[in-house]
Structures are given as C-alpha cells and as structure tokens.
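# Commentary on secondary and tertiary structure
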Amino acid sequence: MYIGLDLGTSGLKGILMSEDQAIVAEANAPLTNERPHDGWSEQSPQSWLDACDAVMAALGAKADLSGVAGIGLSGQMHGATLLDASDAVLRPCILWNDTRSHAEAASLDADPKFRDLTGNIVFPGFTAPKLAWVKNNEPEIFAKVAKVLLPKDYLRLFLTGDYVGDMSDSAGTAWFDTAKRDWSDDLLAATDMDRSFMPRLVEGAQVSGTLRAELAAKWGVPASCVIAGGGGDNAASAIGVGVVKAGQAFVSLGTSGVLFAANDGYQPDAGRGVHTFCHALPETWHQMGVILAATDALNWYGRFVGQGAAALTSNLGALQSPGKTRFLPYLGGERTPLNDAGIRGAFVGLEHATDTAAGTRAVLEGVTFAIKDCADALAATGTKIDHLLAVGGGSNSDYWVKAIATALDCPVHLPVSGDFGGAFGAARLGLMAATGGGAELATAPTIEKTIDPDAALTQAFADGFERYKSAQIAIKGLT
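This text gives an overview of the structure that appears in the document. The structure presented is a predicted model; accordingly, all values stated were derived computationally and were not measured.

## What to know about the pattern of salt bridges
Under the definition given, this model contains 23 salt bridges. The partner of Glu138 in a salt bridge is Arg91, with the nearest N and O atoms 2.7 Å apart. Highlighted residues: Glu138 in the loop between helix 4 (127-137) and helix 5 (139-142) and Arg91 in the loop between strand 6 (81-83) and strand 7 (93-94), separated in sequence by 47 residues. Accessibility assignment for this pair places Glu138 and Arg91 in one class, buried. Across the salt bridge formed by Asp153 and Lys152, the nearest N and O atoms sit 2.7 Å from each other. A relative accessible area of 1% places Asp153 in the buried class. Residues joined in a network through salt bridges with shared partners are Glu42, Arg91, Asp98, Arg100 and Glu138.

Laid out in structure tokens, this is it:
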C-alpha cells in the first residue's frame, strides 16, 4: 500500500491507497495560520509535525500499515521555513499568501535575470523575496539561517532526516533555473545565499530517502518504506487527476483558484503573470494562472451575510446572465495576470435590487472572470485547452461550474465522487517511487458528468467579462 500526505494551509490530509489505487482510509488534522499584521500570514512548522503524527496514528487505527511501501508528499508552495545549523526553526514559516515582501519582490523582479532564468515574475508570495525581507527586517535571524526548506520538505526532514526538495515545488522559490531543473547560483547570490542553503533535488517520482526507523516502528510501517520526492500542491493534484501531458488541464476551486495546464516543453510568459514551473514528472513542465481568492471569496461573503457557502449556492437555479453588480475578488491582492499585492476587492454596481442571491452570483462571476483572465494569459503563450477537469470544494456548485464553462466556452468534466487532489497525487508518486513506475500510473478519473457551456449565454458572459475588466482598471490605485 501507499500513503499520500498533503500539507495544506488549513490542514494536513493523509490517504492510504491500495496497489490498485483504491482509497482504503483517510484522515485529516486541522491547521491554523496567524496574521499578526496586515498582509502577513504565518504558521508554526511544529504544527505540521504534530499534524503528521496525528494523521499517521489515525490511518494506523483504521488499517494495517505493515504493507506500506512508499509515502509521497504534497505541500503548500513558496513557504519559507528557516533553520539554523542544528535544524532549529528560527521563526514561524512565512506562507504563500503572505505579501509583506512586495518591495523586495519588486526589487528582485527588476533584475532581468530572475524572469530570464525562472520563467516567472518574482511574486511577493515566492520564497526568495521573503528571505530578502528577513535580511532587511530581521537581520539577526538571517545571520543564523543555515537551511531554507519549503513546508513539505521540512516535513520530509522529520520523516527521513535529510534535506531534499523536488523540482515542481522548488521552481516556485525564484531561485530556480526552471529550464535546467536546477538551482541557479546567480539567483541565490542575488539574495546573499548559495547552494549550501538549499536542499538537494530529486524528481517527484524518485526516491528521496527512507522513513526513519523510530517513526517506522512507532507507526507500524516497514523500515524499508521509501519517501518520494513528491510535489507542490498543484503539481501533485495534477498527478491525482491525470493531467500529465500537453492539452490536459484542470481548474481548482479551493481557497485559491488555479488554472493548470500540462506542457511537454518549457514555454514561459512571465509578463502576463503566468506561472511556469516544472511538473512532478521528469521532462515535463506546467503552466498555471493563479488567483488568490476562490472559495475564500465565497466564504468571506458568507460571513458578511451570515450564511454558509453551501446555503448560498444551493438555490441559485439555472445560470443567469451576469447582472449589474460586479465583484472583484482581490481580497488579499492578486497574482495572474495583475501581479499586484496592493490591489483590494470591490463590489461595484450595487443597487436596491441587489439581494443576497444577486450578491452570491456576483461573487461567483467575479471569481469566474478572474479564471477567464488566467485562461487568456495562458492562451497568449500558445497553450490550448480543449476541456477541463474541475476539482476542489467550489466544483460542488453546478452553477459555478456552468459559469466557468460558459465564460471559457469550454466543457468542464466533473470526476466521480472521490478525492483526486494533492494527497491522492502524492500517494501515486509514492507508488511510482517504490515501483519505478511513471506517468502511465497517473490515469484520469472516471467522469461523472460533463457541464457544457450555455450557448445562449456565451455572449452575455463575454460582455460581462469586458465590464469586469473595465472595473478592474478603474479600481487599480484606489485601494
């Protein structure tokens, strides 16, 4: 059997998968993050280890783990976990959705070699500008830094005792030569660092180490159990839904929103805010358009009006044309295509007729149009998306999925009930590492239903997108 551990922002999820890729058991442990200042988002790395121990104990209570041959890791990207020479954590991890380093990010991004080598804008959420911020604002901590690990790679250090990263997660640091799939000495030097601060690298489906003997004994797992390289959360999710070749894509409606397309080659376009990273499989890359608030925006609106997300979306009926009320979902800044940490969200076009349902539709439309913005950015690089898989909690809303299909004029496939996310993809990577398998093991899930664009509303959504773009321009600089 194989285990996938997905270290997310709000929790750590573990699944136990059989050899034929059936999910045998699953467990979750919640996590919280702290926001001590505006734009800050931090988490205690110790909480990840406690969550991992809890999840493994829960899996062990549900099933016999003595047959586990491999464990794969998936994790929230970009987080800066700072260790001293004795592996002590120096400060809380600065998370992916932390924007404090916007000035440092702009400074690094002004150096052409960052975009040239990474294929990406240096976003404030990336790891390199976080270290520049620490150097500028916490120099006593920076002076003690011996290793910088991404969140799942700190978890790996706990599991194996070794410093190892994978290509897909490391490509989101802004220290990575994405074409060469290796650390860049030049980019590290630009932030007063070198390779000694970085973990060694393996591909996502390769063996990164074996489980420490004391943990194997504690959890009832064989001492021979290997730990796969794993991947960043979106790359691992792509393995989980079988998006591993050019032309395949998925949209994830989680806390953040992601439009993910696999590529057989390296085709960056940093200028449009497209994320171009290594995939979790060798000689494969991927592109992403990323928005910072998807279900997060709906949950925010739910708190505003005193209703849960499910209640808000369950009675919307048939898809309607976008109304006068528009919502811009920039609650904590935006990535693709704006690269603007300072922009904030807005409702425009509010009127007496705007009730809770109209506000809900506006929020769903706003996130939909933000994803359309991402699709246009990917299309400008030559990436063609013929159809999409939809995953994440937001995909439970048929109204929302229908809006996305209509705005993108592209059918959206919904998998059968089940978990095909980061934990499942991580378990598949664990299977690959233990058996020597590859992309052939990352099959697509069975499709429960396909939601086609509403041809009668395609033009209305195109017009609504133009109004959204006008509002986007209007609010820039106001917030």
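Now that the structure is up, let's keep going.
## Structural notes on the sheet that holds strand 16 (residues 249-253)
In spatial order, the strands read 18-19-17-16-22-23-24; together these 7 strands make up an open sheet with mixed pairing. Of all the strands in the sheet, the pair left with one neighbour each is strand 18 (275-278) and strand 24 (447-451). Along the sheet, successive strands turn relative to each other by an average axial angle of 25°, direction set aside. The pairing of strand 18 with strand 19 (residues 285-291) spans 4 bridges and is antiparallel. Following the sheet pairing, His275 is matched in strand 19 by Met288.

## Concerning the side chain of Thr178
Note that Thr178 resides in the loop between strand 10 (176-177) and strand 11 (182-183). With a relative accessible area of 0%, Thr178 lands in the buried category. Residue contacts for Thr178: discarding those within four places in its chain leaves Leu117, Thr118, Asn120, Ala171, Tyr266, Thr276, Phe277, Cys278 and Trp285.

## Examining the packing of helix 13 (residues 356-379) against helix 16 (residues 458-475)
Between helix 13 and helix 16, the shortest axis-to-axis distance is 10 Å and the interhelical angle comes to 90°. What the angle tells us is that helix 13 and helix 16 run roughly perpendicular. Where helix 13 abuts helix 16, its residues Glu365, Gly366, Phe369, Ala370, Lys372, Asp373 and Asp376 lie against Phe461, Gly464, Phe465, Tyr468, Lys469 and Gln472. A per-class count over the contact of helix 13 with helix 16 returns 5 nonpolar, 3 polar and 5 charged.

Reading the values: the criteria
Residues numbered from 1 in each chain as written. Predicted model: local features only at pLDDT ≥ 70, side-chain atom pairs only at ≥ 80, totals over all residues. Heavy atoms only, no water. Salt bridge = Lys/Arg side-chain N within 4 Å of Asp/Glu carboxyl O. Helix = DSSP H or I, 4+ residues; strand = E, 2+ residues; numbered from the N terminus. Buried < 20%, exposed > 50% of the residue type's maximum accessible area, 1.4 Å probe, protein only. Pairing = 2+ DSSP bridges. Axes fitted to C-alpha atoms, helices over the stretch in contact; angles between N-to-C directions. Contact = heavy atoms within 4.5 Å. Parallel < 35°, antiparallel > 145°, perpendicular 65-115°, else oblique. Nonpolar A, V, L, I, M, F, W, Y, C, P; charged D, E, K, R; others polar.

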